[in-house]
Amino acid sequence: MSKKTGKRFAVLLLIVSIMLTLFSGCGSAETQNEPGTVLGNGRSVLRIVSGSENAELEPILQEFADRENVRIEMTYQGSLDIMRLLGDEEIPYDAVWPASSLWLTVGDTGHRVKHAESISVTPVVFGIRKSLAENLGFVGREVSVGDLLGAIQNGSLSFCMTSATQSNSGASAYIGFLYALLGNPEVITEEDLQSENLKSQMKELLSGVDRSSGSSDWLKDMFVASDYDAMVNYECLMIQANRELEAQGKEPLYVVYPYDGLSLADSPLGYVDQGDDQKEELFLKLQEYLLSEEVQNEIQRTGRRTGYTGVSEENRDVFQEDWGLQPDRVLSPIRMPDTDVLFECLDLYQTDFKKPSLNVYCLDYSGSMRGEGNEQLEEAMKQLLIQENARQNFLQASENEVNILIPFNEDVIDTYTAEGNGSDLEALYNEVEDLGPRGGTDMYRAAVQALEMLREYDLSQYTPAIILLTDGQSDGSIRDFESSYQEMGEDIPVFSIMFGDADETQLEDLAEYTNARVFDGRENLTEAFQSVKGYN
């Protein structure tokens, strides 16, 4: 690792460590002390922090917990969050289970993770509406990243994808794209990344992204509930999506494996060595169970592969070939870049390659936010708008990004706009500091104002989102917003952050109407803002 990159990584880990200490939060929906799922009720406890894609394996874990009379506590985080966690002085888990070994290699600089073994393998693939895949000529043949780029360039294809700086599936797909567009070098170097041709092609490829997400599982759910053309995701989640689509009488996805840029998630389960021999023994017993022939077969039934050379005969029916799945495909993993080059890749994705974000922050400045609420709001916006802070979590703005601030109470207080990633953006934070809470609450009025301001932009050139924070029950009516939204006729998600005594029903209604989601900011408002920012 270079000195420059080492210093940047050390700062990243220090800041994340401080934030965890100050706010005691760990993700948008759960804290370190509150696991997402508890399996079994035995006295011996095994705490696992895992990628969300492993939630489908909970019945298999439940079998082990019941058989051994133990308690397994599952906390779900993104793989990049797990990477950061591994750099903390104290890790409040007994085991880590990210989507890819990459994040163990990069994050575990203290070499505290032992016994890491791959539990399953799943490639990151394109799923395209079958009729569209047929029209594109992709059915029944090998498809390259160049073929996909050509379809995007001529306007025939757009797709949904998780953020490369927030989710393993997005990061893996993006690295695969880089390899393909660079002509598949043995390994990507910093010099390779300076290519103007690469920059042009990657920007064109990522211009095809019409919705982004910070979670692979949520991306799948969003896709099933909508009518987008295609998505990039894990093969196992494509299988889940097709089951759900066919159950709803909808057209399934046709799976495409970009042969020159295919990346894999190898799902390593590793033990965090805290010097507890009994805990280590319990971990090894769980790992042995998961790697046993019987359980590996169960895992394969969920749509995950358990090796690189195909699936068993009895599980071929899971990998339906009429969906484009290739149960006999031999998987060859690409070589991931070195740590400093990986960080440069992620920086370039965030600042140069991806379609610029257009963020409209509707922030509650009603009287009930006075005191601690307003202080937390200022701290959260400080982490996003002050670019030195945003850079630590790969959330920095690009030179073409637009950020709009709409503070509101019972009315819209004012509007502020900053374009680019320079001094205007950080000046926006000064407005946040200068504003003071007062009055009532009408979030719908602010959301309608956000739509009006978005009309001024060519939204095809951006990834737009309205990010709404409120701490109380809102006056006004969602019908006013729905009327403006229908009139506008654009796909603009309204991500809400619940805070204080906010009415979850009102926020969920907005999220459902705009194909978005609600984040819980009551435990950690800063992390909630960072999470929602990862969705565009």
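Please refer to the structure higher up on the page.
Now for a quick tour of the structure. Please read these numbers as outputs of a predicted model, since none were measured by experiment.

Each value, and the rule that gives it
Residues numbered from 1 in each chain as written. Predicted model: local features only at pLDDT ≥ 70, side-chain atom pairs only at ≥ 80, totals over all residues. Heavy atoms only, no water. Pairing = 2+ DSSP bridges. Helix = DSSP H or I, 4+ residues; strand = E, 2+ residues; numbered from the N terminus. Axes fitted to C-alpha atoms, helices over the stretch in contact; angles between N-to-C directions. Contact = heavy atoms within 4.5 Å. Parallel < 35°, antiparallel > 145°, perpendicular 65-115°, else oblique. Left-handed = near helix turned anticlockwise from the far one by under 90°. Nonpolar A, V, L, I, M, F, W, Y, C, P; charged D, E, K, R; others polar. Buried < 20%, exposed > 50% of the residue type's maximum accessible area, 1.4 Å probe, protein only. Right-handed = clockwise from strand over helix to strand, strands pointing away. Patch = residues over 30% accessible without salt bridge, like charges linked within 9 Å, V, L, I, M, F, W, Y side chains within 5 Å. Areas by Shrake-Rupley, 256 points an atom, 1.4 Å probe, with all protein chains shown as cover. Salt bridge = Lys/Arg side-chain N within 4 Å of Asp/Glu carboxyl O. Lys, Arg positive; Asp, Glu negative; His and termini not counted. Charge placed at Lys NZ, Arg CZ, Asp CG, Glu CD. Phe/Tyr/Trp six-rings, centres within 6.5 Å; stacked < 30°, edge-to-face > 60°. Lys NZ or Arg CZ within 6 Å of the ring centre and 35° of its normal.

**Observations concerning the sheet that holds strand β16 (residues 463-470)**
Right, so step 1: The strand order β15-β14-β13-β16-β17-β18 describes an open sheet built from six strands, whose pairing is mixed. Strand pairing shows two members of the sheet lacking a second neighbour, β15 (416-419) and β18 (518-520), which therefore form its edges. For this sheet, the mean angle separating the axes of adjacent strands, direction not counted, is 20°.
Right, so step 2: Here seven bridges tie strand β13 (residues 357-364) to strand β14 (residues 402-408), and the two strands are oriented parallel to one another. Directly across from D364, in β14, lies its bridge partner F408.
Right, so step 3: Contacts between helix α19 (residues 504-513) and the sheet are confined to β16, β17 (494-498) and β18, with β17 contributing the most and set at about 160° to the helix.

**A look at the packing of helix α7 (residues 168-181) against helix α8 (residues 196-206)**
Right, so step 1: Interaxial distance between α7 and α8 falls to 10 Å at its minimum, and their mutual angle equals 135°. Viewed along their axes, α7 and α8 adopt a mutual orientation that is oblique. Remark: the crossing between α7 and α8 carries right-handed chirality. When α7 is examined against α8, the residues Y174, F177, L178 and L181 are found in contact with a partner set consisting of L198, Q201, M202 and L205.
Right, so step 2: For the contact of α7 with α8, the residue count by class is seven nonpolar, one polar and no charged.

**A short note on the pairing of strand β3 (residues 70-76)**
Right, so step 1: Counting buried residues along β3, six of its seven residues qualify, which places the element largely inside the surrounding structure.
Right, so step 2: With three bridges connecting them, strand β1 (residues 37-39) and β3 associate as antiparallel partners. Residue pairing in the sheet places T37 in a bridge with M74 of β3.
Right, so step 3: Examined bridge by bridge, strand β2 (residues 44-50) and β3 share seven bridges and lie parallel to one another. The partner of S44 across the bridge, within β3, is V70.
Right, so step 4: Running through helix α2 (residues 58-68), the crossover from β2 to the neighbouring parallel element β3 is right-handed.

**Quick look at a negative patch on the surface**
Right, so step 1: Together, E63, D66, E293, E294 and E314 give the surface a local cluster of negative charge.
Right, so step 2: Along the chain, E293 turns up in helix α12 (residues 293-301).

**Here we look at the environment of A380**
Right, so step 1: Among the structural elements, A380 can be located in helix α14 (residues 372-385).
Right, so step 2: The spatial distance from the C-alpha of A380 to the C-alpha of Q530 is 8.0 Å, given a sequence separation of 150 residues.
Right, so step 3: If we ignore the near neighbours within four places in the chain, the residues touching A380 are L525, T526 and F529.

**Some details on the sheet that holds strand β4 (residues 95-97)**
Right, so step 1: Ordered by their spatial adjacency, six strands build an open sheet running β1-β3-β2-β4-β12-β5, and the pairing between neighbours is mixed. Since the sheet does not close on itself, it has two edges, and those belong to β1 and β5 (113-118), each with one partner. In this sheet, adjacent strand axes meet at a mean angle of 20° when their direction is disregarded.
Right, so step 2: Here helix α11 (residues 277-290) sits on the sheet and contacts β2, β3, β4, β5 and β12 (268-272); the angle it forms with β2, its principal contact strand, is near 60°.

**Quick notes on the packing of aromatic side chains**
Each aromatic ring pair is specified by the distance between its two centres and by the angle formed by the two planes.
Right, so step 1: All told, the structure shown has 16 aromatic pairs when counted by the stated rule.
Right, so step 2: Here the aromatic rings of F343 and F394 are separated by 5.8 Å at their centres, their planes lie at 45°, and the arrangement is tilted. Residue F343 is found in helix α13 (residues 339-353), and its partner F394 is found in the loop between α15 (387-390) and β14; the two are separated by 51 residues along the sequence. The same class applies to F343 and to F394, which are both buried.
Right, so step 3: These aromatic residues form a ring-pair network of at least three members: W218, F495, F519 and Y535.
Right, so step 4: The cationic tip of R517 hangs over the ring face of F519; the distance from NZ or CZ to the ring centre is 4.6 Å.

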